[in-house]
Number of protein chains: 2
Amino acid sequence: MPDRTDAVKHLLTTGAIATDEALERLLPGPETQPHSIHRAMRHSTFAGGKRLRPILCIEAARMVAGTPEPPDGAARLGAALEMLHTYSLIHDDLPALDNDDLRRGQPTCHVAFGEATAILAGDALQTLAFQTISDLPAPPATVVAILRAVSIAIGTGVGADLPGALAPGMIGGQVMDLESGGKPPTADLVERIHRAKTGALITVSIVAGGLLGAAEAEHPPSADTIVRLRTFGEKAGLAFQIVDDVLDMTQDSTQLGKTAGKDTATDKATWPAVYGIEQSKADASQLIADAFEALTTFGEAATPLKSLAQYLVERTH
Amino acid sequence: MPDRTDAVKHLLTTGAIATDEALERLLPGPETQPHSIHRAMRHSTFAGGKRLRPILCIEAARMVAGTPEPPDGAARLGAALEMLHTYSLIHDDLPALDNDDLRRGQPTCHVAFGEATAILAGDALQTLAFQTISDLPAPPATVVAILRAVSIAIGTGVGADLPGALAPGMIGGQVMDLESGGKPPTADLVERIHRAKTGALITVSIVAGGLLGAAEAEHPPSADTIVRLRTFGEKAGLAFQIVDDVLDMTQDSTQLGKTAGKDTATDKATWPAVYGIEQSKADASQLIADAFEALTTFGEAATPLKSLAQYLVERTH
């Protein structure tokens, strides 16, 4: 299907460009005082990430708005989500946590700038993400709804059991991952960690995009729009992480741009460690099929998001 | 003046109780999964802080609202500001930064819970503060204005030159402090660090309280209300930090509840290091007089805030 592949590549390229342009404007320049932290923030933000979360956010916003172009502010919201992703990577890579020297083929933040600056650069990226959300060109009620969804998604899970809230938060997932080290992984634990550690931010990227798009839509979107987006995000996000686990076990460090096999070496909770590689691949495919199901009511307008989800499970790095 | 002293003690006590009640409700319990991070967040949050920022926030909100009781949500907003203060202390105490073992007479977070959990507990407190702001019982436009002011105040200084923005941010101050270590402190640098590292959060506590109070006021407050609150906060915040520096040089560790003389020992940028102790005390008094001046238009309603500021420079620990 060359057409669909080309279409996905186009989405990925234009989404990444829009995100990078927004990040370039939002992040202080390398000559802005104090230098060290702004250079550290840029080092990790512009280290070659695929911008998947922003691209999912932009496409969800476009789909819900029902406009040819994504609504104003979608790329900035995407940039805020990428800042949150980057902050979590910087802190996760620290010596006290995963102690990783290499990320996307580059030295990690603490290797390049020292531990103190890396800790503060992560902190500052979280803060700048929230500042960026506060400046979104959207009705205040929409901004508050986005703020609420995002803060729940990246926290420890507080409020995650409330109506309208997302699954356990990103930091909660990091803690569960930390605490699981050395113990034999169980199916339940692996799923909980994946849903929290990476799933929550991916899901909220789609939900937040949908909230922004709903404010711009000519016709108010149907009441279950956000619920459908959340289901799509949860399924696709889990599939994404399963594929990540599989790639970690089947590829070498050069292909991955990070230390391969690290998950196995440290007895980390991964999907293939519980289910094996073949079953993991099958699970990822089934999850994508379930994700597609959640978007049926959107018809043709859902094609970009569905193509992106398909790409997530078919990627090889 | 026994009356005024009693009145301040009453403000401090009732404000601290209201803040602690809000924090108790907002922070997940020690039995909430994952345990380690929630216990670490509570350890540092309930370590005997004076709750100055929340109390300033609550009193600013009450003054601007012009009501006998503080507006609904003032204590929760105060609690969010205390979470931000606590997060900054947890990260500042880490081995890679100030490497402090003792804070308010208790083991610091990383000593009690390990470095990884301390890093994530700080992260989660920042996130929970923003989630708390998103849930404030105030008009969405007020919530967005508070979010914007707070995120600028605790960042690296991005947006601090925009109209309505506050002075350089808290993380910017931490970085400047870090970079200044070992160099002889200059007057300009010390003032910039103090205004950013501690002044910005104190100032925004008063400004955010004022924004919340303005939304509740029967009569719309005058246009320069927020500017006046900011001036008051900047002056009182700088005075507060100068007194902190002086106390660090003149008291022992038991009185302070932290390692005394540490600032001098590590050649940190402090006010007395540049101006000497007597001039520092005089400067603090002058700043408080300037802070009072900014509140003259509020008349009698400003008495609580002014008494609190006076207390800040007269305290002995």
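Since the structure is predicted, the reported quantities are computational estimates derived from the model, not experimental observations. (Residues numbered from 1 in each chain as written. Chains lettered and ligands numbered in written order. Predicted model: local features only at pLDDT ≥ 70, side-chain atom pairs only at ≥ 80, totals over all residues. Heavy atoms only, no water.)

So, on to the overall build of chain A. Scanning chain A from terminus to terminus reveals 15 helices and two strands. Computed over its C-alpha atoms, the radius of gyration of chain A comes to 18 Å, within 12% of the 20 Å expected for a compact globule of 317 residues. Of all 317 residues assigned to chain A, the portion counted as buried reaches 56%. By element, 54% of the accessible surface of chain A is carried by carbon and sulfur atoms, the whole surface being about 11900 Å². The averaged location of the 39 negative side-chain charges in chain A is 0 Å from the averaged location of its 26 positive side-chain charges. (Helix = DSSP H or I, 4+ residues; strand = E, 2+ residues; numbered from the N terminus. Rg over C-alpha atoms; globule rule 2.2 N^0.38 Å. Buried < 20%, exposed > 50% of the residue type's maximum accessible area, 1.4 Å probe, protein only. Areas by Shrake-Rupley, 256 points an atom, 1.4 Å probe, with all protein chains shown as cover. Lys, Arg positive; Asp, Glu negative; His and termini not counted. Charge placed at Lys NZ, Arg CZ, Asp CG, Glu CD.)

For the rest of this paragraph, the subject is the packing of helix H2 (residues 35–45) of chain B against helix H6 (residues 115–134) of chain B. Residues and elements named next belong to chain B. Taken N-terminus to C-terminus, the directions of H2 and H6 make an angle of 75°; their axes are 9 Å apart at the nearest point. Classified by the angle between their axes, H2 and H6 sit roughly perpendicular to one another. Judged by residue contacts, Ser36, Ile37, Ala40, Met41 and Thr45 of H2 engage Thr117, Leu120, Ala121, Ala124, Leu125 and Leu128 from H6. Considered class by class, the residues forming the contact of H2 with H6 number eight nonpolar, three polar and no charged. (Axes fitted to C-alpha atoms, helices over the stretch in contact; angles between N-to-C directions. Parallel < 35°, antiparallel > 145°, perpendicular 65-115°, else oblique. Contact = heavy atoms within 4.5 Å. Nonpolar A, V, L, I, M, F, W, Y, C, P; charged D, E, K, R; others polar.)

Another aspect to go through is the relation of the copies chain B and chain A. Mapping chain B onto chain A calls for a rotation angle of 180° and an axial translation of 0.0 Å; the resulting RMSD is 0.0 Å. This pairing of chains is accounted for by a two-fold axis. The C-alpha atom lying nearest the rotation axis in chain B is that of B:Pro140; the distance is 2.6 Å. (Least-squares fit on C-alpha atoms with pLDDT ≥ 70 in both.)

A few words now on the environment of A:Gly155. Inspection of the secondary structure assignment puts A:Gly155 in the loop between helix H7 (140–153) and helix H8 (170–180). Sequence-wise, A:Gly155 and A:Thr117 are 38 residues apart; in three dimensions their C-alpha atoms are separated by 22 Å. Among residues more than four places away in sequence, those in contact with A:Gly155 are A:Gly169, A:Met170, A:Ile171, A:Gly172 and B:Thr127.

Now for the interface of chain B and chain A. Taken together, the contact between chain B and chain A spans 47 residues of the former and 46 residues of the latter. For the pair chain B and chain A, the number of links is two salt bridges. The salt bridge involving A:Arg148 is made with B:Asp135; its shortest N-O contact spans 2.7 Å. At the surface where chain B touches chain A, the tally comes to twelve residue pairs in polar contact (both at pLDDT 80 or more). Top contributing element to the side of chain B that touches chain A by residue count: H6(B), with 13 residues. Looking at the side of chain B that touches chain A residue by residue, the class counts come to 27 nonpolar, 15 polar and five charged. (Salt bridge = Lys/Arg side-chain N within 4 Å of Asp/Glu carboxyl O. Polar contact = N/O pair within 3.5 Å; in protein donor to acceptor, adjacent residues only side chain to side chain.)

All right, on to the confidence of the model for chain A then. Per-residue confidence for chain A gives a mean pLDDT of 90, with 91% of residues at or over 70. The model gives residues 162–166 of chain A a pLDDT under 50, and that stretch makes 14 contacts with residues more than four places away or in other chains. (pLDDT = per-residue confidence, 0-100.)

What follows concerns the side chain of A:Arg315. All names here are of chain A. Note that Arg315 resides in the segment after helix H15 (303–314). Among the polar contacts listed, one links the side chain of Arg315 to the side chain of Asp244, at a separation of 3.1 Å. Separated by 2.8 Å, the side chain of Arg315 and the backbone oxygen of Leu312 make a polar contact.

Turning to the packing of aromatic side chains, a few remarks are in order. Scanning all chains against the criterion turns up three aromatic pairs over all chains. Seen in terms of ring centroids, A:Phe130 and B:Phe130 are 4.2 Å apart; in terms of plane orientation they differ by 25°. Their pairing is stacked. Here the residue A:Phe130 occupies a position in helix H6 (residues 115–134), and B:Phe130 occupies one in helix H6, the pair thus bridging two chains. In terms of burial, A:Phe130 and B:Phe130 fall into one category: buried. The ring of B:Phe292 has B:Lys306 sitting right over it, with the charged end atom 5.4 Å from the ring centre. (Phe/Tyr/Trp six-rings, centres within 6.5 Å; stacked < 30°, edge-to-face > 60°. Lys NZ or Arg CZ within 6 Å of the ring centre and 35° of its normal.)

Moving on to the pattern of salt bridges. Residues and elements named next belong to chain A. In this structure the tally under the stated criterion is 28 salt bridges over all chains. Residue Asp20 is joined to Arg51 by a salt bridge in which the shortest nitrogen-to-oxygen separation is 2.6 Å. Note that Asp20 is positioned in helix H1 (residues 2–26) and Arg51 in the loop between helix H2 (35–45) and helix H3 (52–65), a separation of 31 residues in sequence. Since its relative accessible area comes to 30%, Asp20 is described here as partly exposed. We note a salt bridge from Arg192 to Asp188, for which the minimum N-O separation is 3.9 Å. Within this pair, Arg192 and its partner Asp188 are both found in helix H9 (residues 187–216), separated by four residues, close to a single helical turn. Look at Arg192 and you get partly exposed, because its relative accessible area is 36%.

The next thing to look at is the packing of helix H4 (residues 74–93) of chain A against H8(A). Residues and elements named next belong to chain A. One can describe the packing of H4 onto H8 by two numbers: an axis separation of 12 Å at closest approach and a directional angle of 20°. Classified by the angle between their axes, H4 and H8 sit roughly parallel to one another. Both H4 and H8 take part in a crossing whose hand is right-handed. Of the residues in H8, those touching H4 at Leu84, Tyr87, Ser88 and Asp92 are Met170, Ile171 and Gln174. Tallied by class, residues from the contact of H4 with H8 come to four nonpolar, two polar and one charged. (Left-handed = near helix turned anticlockwise from the far one by under 90°.)

Right, let's get into the side chain of A:Thr108. Residue placement: A:Thr108 occurs in the loop between strand E2 (106–107) and helix H5 (109–113). In this structure, A:Thr108 is in contact with A:His43, A:Asp93, A:Asp100, A:Asp101, A:Leu102 and A:Arg103, ignoring residues within four places of it in sequence.

What follows concerns the environment of A:Phe46. Residue and element names in this part refer to chain A. Following the sequence through the fold, Phe46 ends up in the loop between H2 and H3. Here the alpha-carbon distance between Phe46 and Ala282, two residues 236 residues apart in the chain, equals 33 Å. Beyond its immediate stretch of four places on either side in the chain, Phe46 contacts Asp20, Leu23, Glu24, Leu27 and Arg51.

Let us look at H6(A). Here H6(A) contains 20 residues, and its C-alpha end-to-end distance of 29 Å stays within 8% of the 28 Å for a straight helix at 1.5 Å per residue. Within H6(A), 19 of the 20 residues are buried, which leaves it mostly tucked inside the rest of the structure. (Expected span 1.5 Å × (residues − 1).)

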